[in-house]
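# Architecture and fold: a report
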Amino acid sequence: MQIQPLRHWLVAASLTLPFFAYAGDAVPTARAEPTPLVIGHRGASGYVPEHTLAAYALAVLQGADYIEPDLVMTRDGQLVARHDNELGLTTDVDARAEFAERKRTQTVDGISLTGWFSEDFTLAELKSLHAIERIPAIRPGNARLDGAFAVPTLQEIIDLVKTLERSERRRIGLYIETKHPTHFQQLGLALEGPLLRTLTRNGYQDQRDPVYIQSFEVDNLRQMAQRSRLRLVQLFGSGQPYDQQAQGSTLSYAQMATAEGLRRIARYAAGVGPEKSYVIPRDAAGNLGQPTRFVADAHAAGLKVHPYTFRAENAFLPTSLRSSERPEQRGDSAAEMRAYLDAGIDGLFTDQPDIAVRLRQQR
Ligand code: G3P
Ligand code: CA
C-alpha cells in the first residue's frame, strides 16, 4: 500500500471512528475467547507508531481479539497511553521549545532517567504533542507517520473499542498495563483507582468482561484483586518486581516462575504474561531451545499463559528464523509463533496481529 493513502486512511480511522455509530446495531454479545488469544501489542505497532488510536484501530481491523494500552498518569490525574512516563522516546516533545525547561533527571523504578515526564504535563499540554516512532531504524515505514497522531486517553481508547465492536460485530478486549505503579503511588498519582473507576463507568466490572489488567509489580495486582472482579495478569521480567525491591523483599521473578510461585499468583491473578524466554529459552547461538515447565506449571495452577512480544523483524527473531542480516527486514515470525503454540500457550502479544490471526486460521 502506498504510504499517503495509508496515512489518510489511518488519520480518518483514528479521528472519525470514535464518533461513528451504527444506528440500530445490536450490542455484540460475549463469546468464548478464541485460542490462541491475539493481543495487539501497543496496537498494531509493527505498522503504525505505538499507542495511537490508529495503531489500536489497525490491530482490531487485522483481527486482534484484544488491544494493549500501557497507561501512565498526567499531572492532573488523567490516564493516557504511553509505554513510558518519559515522553521523549515516543513524542515530539524535544522539538517543542515551550517545554524545554521541563526536561529533568529523576529516578524511575530505581533507574536514573533524563527527559520529559508525563507527571509534569497536564492532559491539555500532553495533547499538544504528537506521537513518533520509537525505533525508526527498524520501522522506517512507521516513522513516515511521525506527527500524524496524538496521545490518546484511556477514555478515547474505550470509545474507539466500543465503536469498532459495532462495526466489526464482535467483542474487542482491553488488555491494560499499569506502568510504574509504585512510582505514581509515591507521587500521589496512583493509577489503580482512576483505572478501575473508568472501567466501571464504561461497564467493565466482571471477570466475564473483555478486560485483563496487567502489571510487572505484585502488590498493585493483589490490591486490585480485593477491589475488582476484573481479571488480572502477572507479568514476568528479569530480576525483581520493582515494588518488591523497593520494600526490601527478596521475591524475584525466578521464584515466582516456580510451580509454588505460580500457585501463589493464582490467588490473585487469572493469567501470567512471561517474557518469551520463560517458555522457550534461546540457546547460545540465538536459536529456540527446548520448552520449559513454565506453561505446564502455570496451567496446573489454573493460569492462562500469554507471553510477550512476537515481532516479525529480523532484529527480534531467533537466529535461524531471520531472512537476512538486515535487522529491519522480516523473517519467519509465524514459525516462532508456531513453536510457542506447540508449547501450549493460550495467547500472545504481537506487534503484527495479522500474522497471528492468519496462523490461527490456518491451524
Ligand atoms: O505487557 C506485555 C508486554 O507489553 C510487556 O512489555 O515493555 O512491551 O510493556 P512492554
Ligand atoms: Ca505492555
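Above this text sits the structure in question.
A short tour of the structure in this document, coming up. (Residues numbered from 1 in each chain as written. Chains lettered and ligands numbered in written order. Predicted model: local features only at pLDDT ≥ 70, side-chain atom pairs only at ≥ 80, totals over all residues. Heavy atoms only, no water.)

### Side note on the coordination of the calcium ion (ligand 2)
Summarising the metal site, the calcium ion (ligand 2) is bound by the protein donors Glu68 (OE), Asp70 (OD) and Glu177 (OE), whose distances to it range over 2.2 to 2.3 Å. Given six donor atoms and angles of 58 to 163 degrees at the metal, the environment of the calcium ion (ligand 2) is assigned as irregular. (Donors = N, O, S within 2.8 Å, 3.2 Å for Na, K, Ca; no water. Tetrahedral: all angles 85-135°; square planar, octahedral: opposite > 155°, others 65-115°.)

### A look at the side chain of Ser118
Its location among the elements puts Ser118 in the loop between β6 (111–115) and α3 (123–127). Given the relative accessible area of 0%, Ser118 is considered buried. Separated by 2.7 Å, the side chain of Ser118 and the backbone oxygen of Met73 make a polar contact. Among all residues touching Ser118, those that are not within four sequence positions of it are Val72, Met73, Thr74, Arg75, Asn85, Leu87, Leu126 and Phe184. (Helix = DSSP H or I, 4+ residues; strand = E, 2+ residues; numbered from the N terminus. Buried < 20%, exposed > 50% of the residue type's maximum accessible area, 1.4 Å probe, protein only. Polar contact = N/O pair within 3.5 Å; in protein donor to acceptor, adjacent residues only side chain to side chain. Contact = heavy atoms within 4.5 Å.)

### Section: the site of ligand 1
Around ligand 1, the surrounding shell consists of His41, Arg42, Glu68, Asp70, His83, Glu177, Lys179, Gln214, Phe216, Leu235, Tyr308 and Phe349. A distance of 2.6 Å separates an oxygen atom of ligand 1 from a polar atom in the side chain of His83. Of all the cavities here, the one that holds ligand 1 is the largest pocket. Split into classes, the residues belonging to the shell around ligand 1 amount to four nonpolar, three polar and five charged. (Near = heavy atom within 4 Å. 1 Å grid on protein atoms, 1.4 Å probe; cavity = no way out; pocket = protein on both sides within 12 Å on 5 of 7 lines; lining within 4 Å. Sits in = over half its atoms within 2 Å of the grid points. Nonpolar A, V, L, I, M, F, W, Y, C, P; charged D, E, K, R; others polar.)

### With respect to the pattern of salt bridges
Enumeration over the complete set of coordinates arrives at 25 salt bridges. The partner of Arg139 in a salt bridge is Glu313, and the shortest N-O contact between them spans 2.8 Å. Of this pair, Arg139 sits in the loop between α3 and α4 (140–143) while Glu313 is found in the loop between β11 (304–305) and α13 (333–342), placing the two residues 174 residues apart along the sequence. For the pair shown, Arg139 and Glu313 are each scored as buried. (Salt bridge = Lys/Arg side-chain N within 4 Å of Asp/Glu carboxyl O.)

### Points about the layout of surface pockets
Put simply, the largest pocket is a space of about 760 Å³. What lines the largest pocket is a set of 36 residues, and nearest its centre among them are His83, Glu177, Lys179, Phe216 and Tyr308. Among the secondary structure elements, those contributing two or more residues to the lining of the largest pocket are β6, β7 (173–178) and α9 (242–247). Among the residues making up the lining of the largest pocket, the classes are represented as 13 nonpolar, 11 polar and 12 charged. (Points joined across faces, edges and corners; volume = space filled by probe spheres on them.)

### Some remarks on the packing of aromatic side chains
Inspection of the entire model under this criterion finds 12 aromatic pairs. Ring geometry for Tyr278 versus Phe294: centroids 5.8 Å apart, planes at 55 degrees, classification tilted. Of this pair, Tyr278 sits in the loop between β10 (271–274) and α12 (294–300) while Phe294 is found in helix α12, placing the two residues 16 residues apart along the sequence. The two residues Tyr278 and Phe294 agree in class, both being buried. Here the aromatic cluster, defined as three or more aromatic residues joined through ring pairs, consists of Tyr66, Tyr175, Tyr212, Phe216, Tyr308 and Phe349. The side chain of Arg231 reaches across the aromatic face of Tyr212, ending 4.1 Å from its centre. Geometry around Phe310 places Lys276 over its ring, the cationic atom sitting 5.0 Å from the centre. (Phe/Tyr/Trp six-rings, centres within 6.5 Å; stacked < 30°, edge-to-face > 60°. Lys NZ or Arg CZ within 6 Å of the ring centre and 35° of its normal.)

### Examining the pairing of strand β1 (residues 37–41)
Summarising burial for β1: five of the five residues are buried, a large majority. Taking every second residue as pointing to the same face, both faces of β1 are buried, with Leu37, Ile39 and His41 on one and Val38 and Gly40 on the other. Across four bridges, β1 lies against strand β12 (residues 347–350) in parallel orientation. Across the sheet, residue Val38 finds its bridge partner in β12, namely Leu348. By the bridge criterion, three bridges tie β1 to strand β2 (residues 66–68) in an arrangement that is parallel. Paired with His41 across the strands is Glu68, a residue of β2. (Pairing = 2+ DSSP bridges.)

### Structural notes on the environment of Tyr47
Checked against the element boundaries, Tyr47 lands in the loop between β1 and α2 (53–61). In contact with Tyr47, not counting residues within four places along its chain, are Leu58, Gln62, Asn142, Leu145, Arg330, Asp351, Gln352 and Asp354.

### A word on the packing of helix α5 (residues 154–168) against helix α7 (residues 192–201)
Where α5 meets α7, the closest approach of the two axes is 11 Å, and the angle between their N-to-C directions is 30 degrees. Between α5 and α7, the angle is such that the two are roughly parallel. Of the two elements, α5 crosses α7, and the hand of that crossing is right-handed. Taking contact as the criterion, the partners of Leu154, Gln155 and Ile158 in α5 are, on α7, Leu195, Thr198, Leu199 and Arg201. (Axes fitted to C-alpha atoms, helices over the stretch in contact; angles between N-to-C directions. Parallel < 35°, antiparallel > 145°, perpendicular 65-115°, else oblique. Left-handed = near helix turned anticlockwise from the far one by under 90°.)

### Remarks on the nonpolar core
Within the largest apolar cluster, 84 residues are counted, with the highest numbers of intra-cluster contacts made by Leu174, Leu199 and Phe236. Looking at which element gives the most residues to this core, the answer is α2, with eight residues. Once residues lying within four places of it in the same chain are set aside, the contact partners of Leu199 are Ile158, Leu174, Ile176, Tyr204, Val211, Ile213 and Leu230. Membership of the second largest hydrophobic core comes to nine residues, among which are Ile39, Tyr66, Val233 and Tyr308. (Core = buried A, V, L, I, M, F, W, Y, C linked by side-chain atoms within 4.5 Å.)

### Here we look at α2
With respect to burial, α2 is a largely interior element, eight of its nine residues being buried. For α2, the full list of buried residues reads Leu53, Ala54, Ala55, Tyr56, Ala57, Leu58, Ala59 and Val60. Remark: Gly63 follows α2 within two positions and exhibits a positive phi of approximately 105 degrees.

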